[in-house]
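A look at the structure
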Amino acid sequence: MLKTGRRGNPFCKDTHDLFATLVVSLDLSDRTRFFRTYPNAFTTDDAAANLSSLRFSQSNRTSDPNDPQRIVTTTTTTTFSMSRDIAKGICQHFMDARLIENAADPTSSSFRDRGIYQLTPKGLHVLERFITKNGISADHLVNVFTTQPICMKLLHLERRQSDDEIHISRSVIDVVFRRFSGGRHPNYVTDPHDSRTTAGVARPFVDNLRPADSFDRSGGVELQDVTEKGKSSGPAVVIKQVFNSVTAIDWLVDYTTCCCRDEAAELLAHFVRYNLIVLYLDKSKAGDRVGQLEVRGQNGGEAEYRYGPRILYRVTEDGRRTAFGTDAASAVPKGVSVGMEAKASSEGSLDDDSSSTKSNDRNAAASDRDRSFAGGTGLSNIAESQIVGRPSVAELFKNDFSDSGVAAWPKDQHSTTTRLRAILDEPALRSLFRDFLRANYCDENLGFWIDVADFRRRFSTTSSAVGGSTQQATRKKGAASNAMETHQQNLVAAALHIYNTYLAPLSPNELNIDHNLRADVVNYVNRSLAEVAPPGGAKPTPPGEEPEIPPLRATQVQTLLRQYERIQEHIFRLLATDQVPRFVRTEPFLALMDPPTVEVGSTTTLTPSTDAAASKPAGQKP
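In what follows, the accompanying structure is described. (Residues numbered from 1 in each chain as written. Predicted model: local features only at pLDDT ≥ 70, side-chain atom pairs only at ≥ 80, totals over all residues. Heavy atoms only, no water.)

Turning our attention to the overall build of the chain. Assigned secondary structure in the chain consists of 18 helices and 19 strands. The buried share among the 622 residues of the chain stands at 49%. For the chain, contacts bridging at least 24 residues in sequence account for 71% of all contacts bridging at least 6. Surface summary for the chain: the accessible area is close to 30100 Å², and the carbon and sulfur share equals 51%. (Helix = DSSP H or I, 4+ residues; strand = E, 2+ residues; numbered from the N terminus. Buried < 20%, exposed > 50% of the residue type's maximum accessible area, 1.4 Å probe, protein only. Contact = heavy atoms within 4.5 Å. Areas by Shrake-Rupley, 256 points an atom, 1.4 Å probe, with all protein chains shown as cover.)

Now the structure itself:
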């Protein structure tokens, strides 16, 4: 039984897990409709049939506490069973969360019978994360990942476990807004205003503008600068960073883990409450579908967000300061991390906020509903390149910005290991650290550490998903057992790849480690390969073919993993004591931790006869 929130939708994590399990069990292939072919697609009947009897098996390998040399495998199987109508309702929720879209009409928001559907970039991100976390053998999805775009920057919003509501606090609203607004690089869909070339020229907001092919929506909501002619031949007025209210909701649903448009509208209402955005223009007509959502803070502050096709908002001066990271209030709360698998913690947030929300729709005549929020929002900013304004990381390295701190640093072994863990957990720092090691001809140490960490994760878990479609029953018979066998072969291949890359004699990235550590691994690998070798020795591999994977046993792979972990610990100590103290003194590291302050301009007025711009008070209406 799936738990549902106050809107009647399944919890976000359950939604993502069920979606990924369904996709793994589907046969994504070419589908044809009205003489058009859609690749990597599935039909309504496919989804409904698989959801009617969907099995997900997960096997965990652990050592027997009574016999450490023995591996115990525990398999858990979860079965989903639902009627066709309920299955269609679940698929409709997948569409609302922007995990799938209608292949023939991407603008359609309804899941229909006899439809053809494809995964969205957000759906691919959720699927890839699920496969990686659960160790699923998904070779049949390789073509999907290599031929379709995937969302590389998805904001993961932390939710309350009790009711799945998004945690709300000022500090993290600022972080979400920074991504939404484009940060230091606003995501203009048209050329921004240039006083030297467009002085005094009126430029209205362009609706339904088709962006250039090179435009990247993941960089932030689509912004435009609007120029209005002044009254009575007065100076022209420039309104910076204007956006459509509906487009803003679409962006948040596409690039965050918001599961519906209502959740996105609530975040935007909090943007209004904290004066990050403000209503610029509302030209709604009688037939327009216009929604309104209100939020109320714990201290009594109220705000509303109106959304419709002819409603425009603009970024305020406070919003621009927050986007640039120049406002102290916009600092990321303690515990927020920017990384591929990082997830924010609401603990330590200084300005936890409780608020209530009410929404209504003119056409639907929906009644007002109380909406409660509590706690401090957390999120992870996927694949971001900067860690500006992060007190958690900056605090960790603060002693290194002074001469006394640097001098005392190597004496504290605990601090060096803690800082190295922070570097390894932070993609931006890890990439910079890799460049530093490469310049010092020892980047193979970091490569080995990362590969072993990934190998350890893959060893611990394997999963499989099988749908209940009668048309696919024969083809998928025994899929769970085949997945275990394939997973074992992949583990052996990964283990030998690490050995041949870093530890084997004359390997391309041979580690410079203690002779005894290397000898133990080399001797064990040679002994294990000799035990499983066929009589007469292995046959030579024909040219152009992949070499056959030796059938090592699970206990042998586990022992090899333990050997790797010994070397990994040795490498970690070397990096912490030898490389990290030198790395934190480099200019690129110091520049990343303490970026220069950038001045933010204000809304301007222009006089056609001059190029000079005069400041206008923030928030003043044209």
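Take the nonpolar core next. Core analysis: the largest hydrophobic core is formed by 81 residues, its most contacted members being Leu119, Phe180, Phe243 and Tyr305. Listed in part, the 50 residues of the second largest apolar core include Trp449, Leu503, Val521 and Leu560. (Core = buried A, V, L, I, M, F, W, Y, C linked by side-chain atoms within 4.5 Å.)

On to the sheet that holds strand S1 (residues 29-33), then. The strand order across the open sheet formed by four strands is S1-S2-S6-S5, and the pairing between neighbours is antiparallel. With partners counted over all chains shown, the strands left at the sheet margins are S1 and strand S5 (100-102), one partner each. The sheet shows a mean angle of 60 degrees between the axes of neighbouring strands, taken without regard to direction. In terms of strand pairing, S1 meets strand S2 (residues 36-43) through four bridges, oriented antiparallel. Following the sheet pairing, Ser29 is matched in S2 by Ala41. (Pairing = 2+ DSSP bridges. Axes fitted to C-alpha atoms, helices over the stretch in contact; angles between N-to-C directions.)

A few words on helix H16 (residues 515-532). Under the 1.5 Å per step criterion, the end-to-end length of H16 is 26 Å for 18 residues, consistent within 8% with the ideal 26 Å. Turning to H16, its buried residues number three or more, namely Leu517, Arg518, Ala519, Val521, Val522, Tyr524, Val525, Ser528 and Val532. The backbone nitrogen of Asn516 lies 3.0 Å from a side-chain oxygen of the residue at the head of H16, namely Asp514. (Expected span 1.5 Å × (residues − 1). Polar contact = N/O pair within 3.5 Å; in protein donor to acceptor, adjacent residues only side chain to side chain.)

Our focus in this paragraph is the environment of Arg430. Mapped onto the fold, Arg430 is located in helix H13 (residues 427-439). Its relative accessible area of 24% is what places Arg430 among the partly exposed residues. Put simply, Arg430 and Leu420 are ten residues apart on the chain and 9.3 Å apart in space, counted from C-alpha to C-alpha.

The next subject is the environment of Thr74. Structurally, Thr74 can be placed in strand S4 (residues 67-80). The class of Thr74 is partly exposed, set by a relative accessible area of 44%. On a C-alpha basis, the gap between Thr74 and Arg61 in space is 6.6 Å, while along the polypeptide they are 13 residues apart. Ignoring any residue separated from it by four or fewer positions in sequence, one finds Thr74 in contact with Gln58, Ser59 and Asn60.

Unlike most non-glycine residues, Gln241 shows phi in positive territory, near 55 degrees. Here Gln241 lies in strand S9 (residues 236-244). Assessed through its relative accessible area of 7%, Gln241 is described here as buried.

So, on to the packing of helix H1 (residues 12-25) against helix H3 (residues 84-96). Helices that pack against each other are described as a pair by the angle of their axes relative to one another and the distance between those axes. Put simply, H1 and H3 touch, their axes get as near as 11 Å, and they point 110 degrees apart. Taken together, the axes of H1 and H3 lie roughly perpendicular to each other. On H3, the residues touching Thr15, Leu18, Phe19 and Leu22 of H1 are Ile90, His93 and Phe94. Taken together, the residues that form the contact of H1 with H3 break down as five nonpolar, two polar and no charged. (Parallel < 35°, antiparallel > 145°, perpendicular 65-115°, else oblique. Nonpolar A, V, L, I, M, F, W, Y, C, P; charged D, E, K, R; others polar.)

Our focus in this paragraph is the side chain of Glu165. In this fold, Glu165 is placed in the loop between strand S7 (155-157) and helix H6 (170-181). At 2.9 Å, the side chain of Glu165 and the side chain of Arg6 are in polar contact.

Turning to the pattern of salt bridges, a few remarks are in order. Considering all chains together, one arrives at 33 salt bridges under this definition. Where Arg98 meets Glu101, a salt bridge forms, and the shortest distance between an N and an O atom there is 3.5 Å. According to the relative accessible area criterion, Glu101 is buried, its value standing at 17%. Asp454 is the partner of Arg457 in a salt bridge, and the nearest nitrogen-oxygen pair spans 2.3 Å. Taken together, the positions of Arg457 and Asp454, both in helix H14 (residues 444-460) and three residues apart, correspond to about one turn of that helix. Among the charged side chains, a network of salt bridges with common partners joins Arg6, Arg7, Arg159, Asp164, Glu165, Glu263 and Glu266. (Salt bridge = Lys/Arg side-chain N within 4 Å of Asp/Glu carboxyl O.)

Let's shift gears to H1. Over its 14 residues, H1 extends 20 Å from the first C-alpha to the last, a length consistent with the 20 Å expected when each residue adds 1.5 Å. With eleven of 14 residues buried, H1 is to be regarded as a mostly interior element.

Scanning the entire structure with this criterion turns up 20 aromatic pairs. Seen in terms of ring centroids, Phe177 and Phe180 are 6.2 Å apart; in terms of plane orientation they differ by 35 degrees. Their pairing is tilted. With Phe177 and Phe180 both in helix H6 and three residues apart, this pair spans about one turn of that helix. Using a relative accessible area of 0% as the deciding quantity, one classes Phe177 as buried. Ring geometry for Phe177 and Phe271: centres 5.3 Å apart, planes at 80 degrees, overall edge-to-face. (Phe/Tyr/Trp six-rings, centres within 6.5 Å; stacked < 30°, edge-to-face > 60°.)

Put simply, H1 and helix H4 (residues 121-134) touch, their axes get as near as 9 Å, and they point 85 degrees apart. It follows from the interaxial angle that H1 and H4 lie roughly perpendicular. Along its contact with H1, which presents Lys13, His16, Asp17, Phe19, Ala20, Thr21, Val23 and Val24, the element H4 presents Gly123, Val126, Leu127, Phe130, Ile131 and Lys133.

Quick look at the environment of Ser25 now. Counting through the fold element by element, Ser25 comes out in helix H1. Overall, the relative accessible area of 0% leaves Ser25 in the buried class. Each C-alpha atom of the pair Ser25 and Ala47 lies 9.4 Å from the other, and the pair is 22 residues apart in sequence. Engagement of the side chain of Ser25 in a polar contact is seen with the backbone oxygen of Leu22, the distance being 2.7 Å. In this structure the side chain of Ser25 is engaged in a polar contact, spanning 3.0 Å, whose partner is the side chain of Asn50.

None of the figures reported here should be taken as evidence of function without further support.
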